[in-house]
Amino acid sequence: MNALKKLFGGNTRQFGMIFALVALIVFFQFTTEGRTLTPGNVINLFNGNSYILILAIGMVLVIIAGHIDLSVGSVAAFVGVTVALAIRDWGIPWYAGILLGLALGALIGAWQGFWTAYVGIPAFIVTLAGMLLFRGFNQFVGKSNTIPVPSDFQYIGSGYLPEVGPNTGFNNLTLLLGLLAVAFVVFSEIRARRTAKALGAEVPEGWVVATKLILVCGAILYAAYLFATGRPGTSFPIPGLILAVLVLIYGFIASKTVVGRHIYAVGGNRHAAELSGVQSKKVNFLVMMNMAILAGLAGMIFVGRSTASGPFDGVGWELDAIAAVFIGGAAVTGGVGTVIGSIVGGLVMAVLNNGLQLLGVGADLTQIIKGLVLLIAVAFDVYNKSQGKRSIIGMLTQGFNRPSGGTPLQPDEVTSTKETISREA
């Protein structure tokens, strides 16, 4: 066990997520008689879940900041139908349609961010209203009809890397992408180790680093092999490429930039963050706006994949994105979570869903199993919090344990830092 802790950095959340994903893949590979890890199934799995994983990237930042967004499915549907109508009726090119969708997402995000950050209405209420509002806009604008999109636009949702170079029996660009990913992982690990040594920090033993790199790079190369050996005309999907770029960008923002640190600070303790100079209103505004932009992008990718926009697009997407984030290790109280963890959490749900479908399990039992997985994941978080930090159960029951006679604190959403300081003085 000590060896495993060294290998995975002693992080029980990270270890649990990766272990669950690997265990699920191995389990379904055996129970489906090898149909899980086939090129066609892996490509379909990524194509069918890329928009949920993109939503999970934005949702994890919202949850880290201490909020929740219930409107992402409706926003995605509204942006999708608006872009489809603009391309069909106004005759704008596909790339202008994408820019229009991103701009509309930003506008919607600014609307919801204003009510959340500057008016002080809890994001749960604002986005619940947004879920109803933009679902209605989707049906009003689209007249509850199906709006087809041209083949150029469909490329962002169902396209693949093209065939280039000599005939090697594989998709050359996909193999090149896999090799670049391996080089990036190795370079990052060596650079991090060298930096830690220069700062005098403790570094893991050489065998730990070597084993970790062999496992990670082996998984990347095997995935690249599966993507590169699919049926003719397929390779690494374009939605997967968009997702990979977003993971790199948002992973960097969350862990290496001032904005990312401010999001964690606001979610961990808003009053302490404000006393440290963090402008929490701007942070909250930005995370809500960013979430709506990514929801718009996810909606356009889904429309491209399904070749048309429909009145029922986006139904239930918010629940899948939230489940992916919590399974990926984010804390229900905010301040904790990672972009990579959310992607792994989303893949756990995707593999679970895919494997149950391959086994012929009905939709009813699939929903029950997914619900239990989410419950267990959050229960694990609550258990960790109970070891010294606040949990959601602790928040819900704090009023029952409060001694009588004192002035009860208001929920964190409606208090200001000045009020908190004056109350404690």
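About the criteria used
- Residues numbered from 1 in each chain as written.
- Predicted model: local features only at pLDDT ≥ 70, side-chain atom pairs only at ≥ 80, totals over all residues.
- Heavy atoms only, no water.
- Helix = DSSP H or I, 4+ residues; strand = E, 2+ residues; numbered from the N terminus.
- Buried < 20%, exposed > 50% of the residue type's maximum accessible area, 1.4 Å probe, protein only.
- Polar contact = N/O pair within 3.5 Å; in protein donor to acceptor, adjacent residues only side chain to side chain.
- Contact = heavy atoms within 4.5 Å.
- Core = buried A, V, L, I, M, F, W, Y, C linked by side-chain atoms within 4.5 Å.
- Phe/Tyr/Trp six-rings, centres within 6.5 Å; stacked < 30°, edge-to-face > 60°.
- Lys NZ or Arg CZ within 6 Å of the ring centre and 35° of its normal.
- pLDDT = per-residue confidence, 0-100.
- Salt bridge = Lys/Arg side-chain N within 4 Å of Asp/Glu carboxyl O.
- Patch = residues over 30% accessible without salt bridge, like charges linked within 9 Å, V, L, I, M, F, W, Y side chains within 5 Å.
- Areas by Shrake-Rupley, 256 points an atom, 1.4 Å probe, with all protein chains shown as cover.
- Axes fitted to C-alpha atoms, helices over the stretch in contact; angles between N-to-C directions.
- Left-handed = near helix turned anticlockwise from the far one by under 90°.
- Nonpolar A, V, L, I, M, F, W, Y, C, P; charged D, E, K, R; others polar.

The subject of this paragraph is the side chain of Thr-36. Structurally, Thr-36 can be placed in the loop between α2 (12–31) and α3 (39–64). Look at Thr-36 and you get buried, because its relative accessible area is 6%. Within the structure, Thr-36 has its side chain in polar contact with the side chain of Thr-32 (distance 3.0 Å). Filtering out sequence-adjacent residues up to four positions away, Thr-36 remains in contact with Phe-28, Gln-29, Asn-41, Val-42 and Leu-358.

Turning our attention to the side chain of Asn-290. Counting through the fold element by element, Asn-290 comes out in helix α13 (residues 280–306). For Asn-290, a relative accessible area of 15% translates into the label buried. There is a polar contact of 2.4 Å between the side chain of Asn-290 and the side chain of Tyr-250. What Asn-290 contacts, discounting residues up to four positions off in sequence, is Gly-58, Leu-61 and Tyr-250.

Of all hydrophobic cores here, the largest spans 82 residues; its most connected members are Ile-54, Leu-55, Ile-57, Met-59, Ile-108, Phe-153 and Met-300. Looking at this core, the element that brings in the most residues is α3, giving 14 residues. With near-sequence residues (within four places) excluded, Leu-55 lies in contact with Val-72, Met-291, Leu-294, Ala-295, Ala-298, Trp-317 and Ala-321. Of all hydrophobic cores here, the second largest spans 8 residues; its members include Ile-43, Tyr-160, Leu-161 and Ile-238.

This part is about the packing of aromatic side chains. Going through the model one piece at a time under the given rule, you end up with 15 aromatic pairs. Considering the side-chain rings of Phe-170 and Tyr-225, the 6.2 Å spacing of their centres and the 55° angle between planes classify their relative orientation as tilted. Pair noted here: Phe-170 is in the loop between α7 (151–158) and α8 (172–198) and Tyr-225 is in helix α9 (residues 206–228), with a separation of 55 residues, a long-range link. One aromatic cluster in this structure is built from Phe-46, Phe-227 and Phe-236. It is Lys-143 that lies over the ring of Phe-140; its NZ or CZ is 4.8 Å from the centre.

Turning our eyes to something else, we now look at the confidence of the model for the chain. With 86% of its residues at a pLDDT of 70 or more, the chain shows a mean pLDDT of 84. Looking over the chain, one finds the lowest element-wise mean pLDDT in helix α17 (residues 392–397), namely 40, and the highest in helix α5 (residues 94–119), namely 95. Per-residue pLDDT stays below 50 along residues 389–414; that stretch engages in 25 contacts with residues further than four places along the chain or on separate chains.

Phi angles above zero are rare outside glycine, and Glu-33 is one such case at about 60°. Within the secondary structure, Glu-33 sits in the loop between α2 and α3. Glu-33 sits in the exposed class, given a relative accessible area of 73%. Positive phi, close to 60°, is recorded for Ser-144, a residue that is not glycine. Its place among the elements puts Ser-144 in the loop between α6 (123–142) and β1 (147–148). A residue is classified by how much of its surface remains accessible, and Ser-144, at 43% relative accessible area, is partly exposed.

All told, the structure shown has 2 salt bridges when counted by the stated rule. A salt bridge links Arg-88 to Asp-89; its shortest N-O distance comes to 2.8 Å. In this structure, the salt-bridge partner of Glu-274 is Arg-270, at a minimum N-O distance of 3.4 Å. With Glu-274 and Arg-270 both in helix α12 (residues 270–275) and 4 residues apart, the pair spans about one turn of that helix. Given the relative accessible area of 25%, Glu-274 is considered partly exposed.

So, on to a nonpolar patch on the surface. Where nonpolar side chains cluster on the molecular surface, the patch consists of Trp-111, Leu-133, Phe-137, Phe-140 and Val-141 and spans about 470 Å² of accessible area. Among the elements that take part in the nonpolar patch, α6 stands out by supplying 4 residues, more than any other. Structurally, the position occupied by Val-141 is in helix α6.

Another aspect to go through is the packing of α3 against helix α14 (residues 317–327). Running from N to C, α3 and α14 cross one another at 65°; their axes reach a closest spacing of 8 Å. α14 is crossed by α3, and the crossing has right-handed handedness. Where α3 approaches α14, its residues Tyr-51, Ile-52, Leu-55, Ala-56, Met-59, Val-60 and Ile-63 are matched on the opposing element by Trp-317, Glu-318, Asp-320, Ala-321, Ile-322, Ala-324, Val-325 and Phe-326. Class assignment for the residues of the contact of α3 with α14 results in 13 nonpolar, no polar and 2 charged.

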